[in-house]
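Residues per chain are reported as follows:
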Amino acid sequence: MKADYTLYSDEELLVRLRDGEAGITDHIMNKYKNLVRSKAKSMYILGADSEDLIQEGMIGLFKAVRDYDTGRDASFSTFADLCVSRQMYTAVQAAGRQK
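Rules used in this analysis
- In every chain, residue numbers begin from 1 and rise along the written sequence.
- Where totals are concerned, whole chains, interfaces and linings use all residues; where local detail is concerned, this predicted model gives features only for residues with pLDDT of at least 70, and gives and counts side-chain atom pairs only at 80 or more.
- Hydrogens and water are ignored here; the side-chain numbers use all heavy atoms of the structure.
- Definition used for salt bridges: Asp or Glu carboxyl oxygen within 4 Å of a side-chain nitrogen of Lys or Arg.
- Exposed residues in this analysis have more than 50% of their type's maximum accessible area, buried residues have under 20%, and partly exposed residues fall in between, with area computed by a 1.4 Å probe over protein chains only.
- Numbering of helices and strands runs from the N terminus; a helix is a DSSP stretch of H or I covering at least four residues, while a strand is a stretch of E covering at least two.
- The length a helix should cover is 1.5 Å for every residue beyond the first.
- Summarising the geometry, the arc corresponds to the directions from the helix axis toward the C-beta atoms.
- Contacts were defined at the residue level, with two residues in contact if any of their heavy atoms lie within 4.5 Å.
- For the purposes of these results, a polar contact is taken to be a pair of N or O atoms within 3.5 Å, where, inside protein, one atom must be able to donate a hydrogen and its partner to accept one; residues adjacent in sequence count only when each atom of the pair is a side-chain atom.

As enumerated under the stated definition, the model contains five salt bridges in all. Close ionic contact of Arg16 with Glu21 constitutes a salt bridge, the shortest N to O distance being 2.8 Å. Accessibility expressed as a relative area gives 24% for Glu21, which makes it partly exposed. One salt bridge in this structure joins Arg72 and Asp69, with 3.9 Å as the shortest N-O distance.

Pasting the structure below:
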């Protein structure tokens, strides 16, 4: 039986994830994929498609899930937004240097 993760805050889910509960990473990645897509539309890499940018954003989101500290004041959504933006920005910069 699959747990209904929509009943919990992101922060509660991340505590449960740290305690070893499986399936939470997939739920969070799915929940935030539209954030990643909308950021990818506002940024694009010359010579690359938006799928590459979306992939970079998903890497940033995964890092946010991995690195989020529940003891901090920032909400997970704020932290995830920052991680996704940084990952995409780094990819855009790297693509620019290769031209």
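A separate point is helix α3 (residues 50-67). In this model α3 runs 25 Å from its N-terminal to its C-terminal C-alpha over 18 residues, within 8% of the 26 Å that 1.5 Å per residue would give. All of the buried residues along α3 are Leu53, Ile54, Gly57, Gly60, Leu61, Ala64 and Val65. Taken down its axis, α3 places every buried residue within 145° of arc, on the same side. Those residues of α3 that are exposed and angled more than 90 degrees off the buried face are Glu51 and Gln55. Close packing links the buried residues of α3 with α1 (10-18), α2 (24-42) and α4 (76-97).

Here we come to the environment of Thr78. Relative to the helices and strands, Thr78 resides in helix α4. For the pair Thr78 and Ala64, spaced 14 residues apart in sequence, the C-alpha to C-alpha distance is 9.9 Å. A distance of 2.9 Å separates polar atoms of two side chains, one belonging to Thr78 and the other to Ser75.

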